[in-house]
Every structure is written in structure tokens, then in C-alpha cells.
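Each chain is listed here by its residues.
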Amino acid sequence: MKQKAPAYVIGHITIKDPAKWDQYRSRVPGTLEGWGGELVLRGKRVTVLGGEHAHTDTVVLRFPDIDSLNGWFNSPVYQALIPLREQAADVVLISYES
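Computed from a predicted model, the values in this text were never measured in an experiment.

### What to know about the environment of D90
Then, number 1: By the element assignment, D90 lies in strand β4 (residues 89–97).
Then, number 2: Those residues in contact with D90 that sit more than four places away from it in its chain are H12, I13, T14, K16 and H55.
Then, number 3: A polar side-chain atom of D90 sits 3.5 Å from a polar atom in the side chain of K16.

### Structural notes on the nonpolar core
Then, number 1: Core analysis: the largest hydrophobic core is formed by 18 residues, its most contacted members being V9, W21, Y24, L61, F63, W72 and Y78.
Then, number 2: For this core, the elements supplying multiple residues, two or more each, are β1 (7–15), α1 (18–32), β3 (57–63), α2 (66–74) and α4 (82–88).
Then, number 3: Here L61 is in contact with A7, Y8, V9, L32, E38, L39, V40 and W72, once residues within four sequence places are set aside.

### So, the UniProt feature "domain: DUF1330" (unreviewed entry) in the protein
Then, number 1: UniProt feature "domain: DUF1330" (unreviewed entry): in the numbering of this structure it lies at residues 6–94.
Then, number 2: Counting secondary structure, residues 6–94 comes out at 39% helix and 33% strand; the distance between its end C-alpha atoms is 14 Å.

### Some remarks on the side chain of D57
Then, number 1: Topologically, D57 is positioned in strand β3.
Then, number 2: Judged by its relative accessible area of 8%, D57 falls in the buried class.
Then, number 3: Looking at D57, its side chain comes within polar contact range of the side chain of T56, at 2.7 Å.
Then, number 4: Sequence-distant contacts of D57, that is, excluding residues within four places in its chain, are made with G11, H12, I13, I15, G43 and K44.

Parameters and conventions
- The residue count restarts for each chain, going from 1 along the sequence in the order it is written.
- This being a predicted model, a pLDDT of at least 70 is required before a residue's local features are given, and a value of 80 or more before pairs of side-chain atoms are given or counted; all residues contribute to the totals for chains, interfaces and linings.
- With hydrogens and water set aside, each side-chain value is computed from the structure's full complement of heavy atoms.
- Secondary structure elements follow DSSP: runs of H or I of four or more residues count as helices, runs of E of two or more count as strands, with numbering from the N terminus.
- Whether two residues are in contact is decided by their heavy atoms, any of which lying within 4.5 Å being enough.
- In the analysis that follows, any N or O atom pair within 3.5 Å is treated as a polar contact, provided that within protein one partner can donate a hydrogen and the other can accept it, and provided that, for residues neighboring in sequence, both atoms belong to side chains.
- Here, nonpolar core refers to any group of buried Ala, Val, Leu, Ile, Met, Phe, Trp, Tyr and Cys residues whose side-chain atoms link them within 4.5 Å.
- When a residue's accessible area, from a 1.4 Å probe over protein chains only, is under 20% of the maximum for its type it is buried; when over 50% it is exposed; and in between it is partly exposed.
- UniProt positions are given in the numbering used here, feature names are shortened, and annotations may be inferred rather than shown by experiment.

This is the structure we're talking about:
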């Protein structure tokens, strides 16, 4: 049986409203429960070593597989946070499979 590959969400973020961003950030970990998701990294950009990258912050989430990642993203509990996220920051979310 083929083992499922871990899947990741990488978010590139530019914060517009720090107070709303703090609200959003505090709620996201609870949405990961039940999907096997974990926060790998939340960080601020130090240096762009090559190319161009406009965003200042990055987040990396890891899931057991792409189905879990998609289940989390499409879940009502996470979808309910998207309006707050959009008010708080400009965010590009990208999914990857390893």
C-alpha cells in the first residue's frame, strides 16, 4: 500500500490590521484539530536572498496528507475565519505535497 505524502500550506502575508491579525492568528490553531495539522513556522522575513518577495511574514502548516489539508481548508470552522483574515492581511496561501 502506498503511503500518503505529507502536505503543506505556505502562507505569504502582509499585515494590514495588527489587532485583527492577532485575533485571526489566535483562532487558527483550533481549526487544525481533527485534521492532524500542525503549525511548523510563523516568522517574519529577514532577507530576500534571491528574486523578489513583497510579503513580510510567512506561515507553514503541515498535514498528514493532501486530503487532510483540503478538509481543513474547506471546513466550516476555517471558512468562517476567512473574512477576518481578509480584513487583517493580504495573504497568499499555497498547498504543496511532498
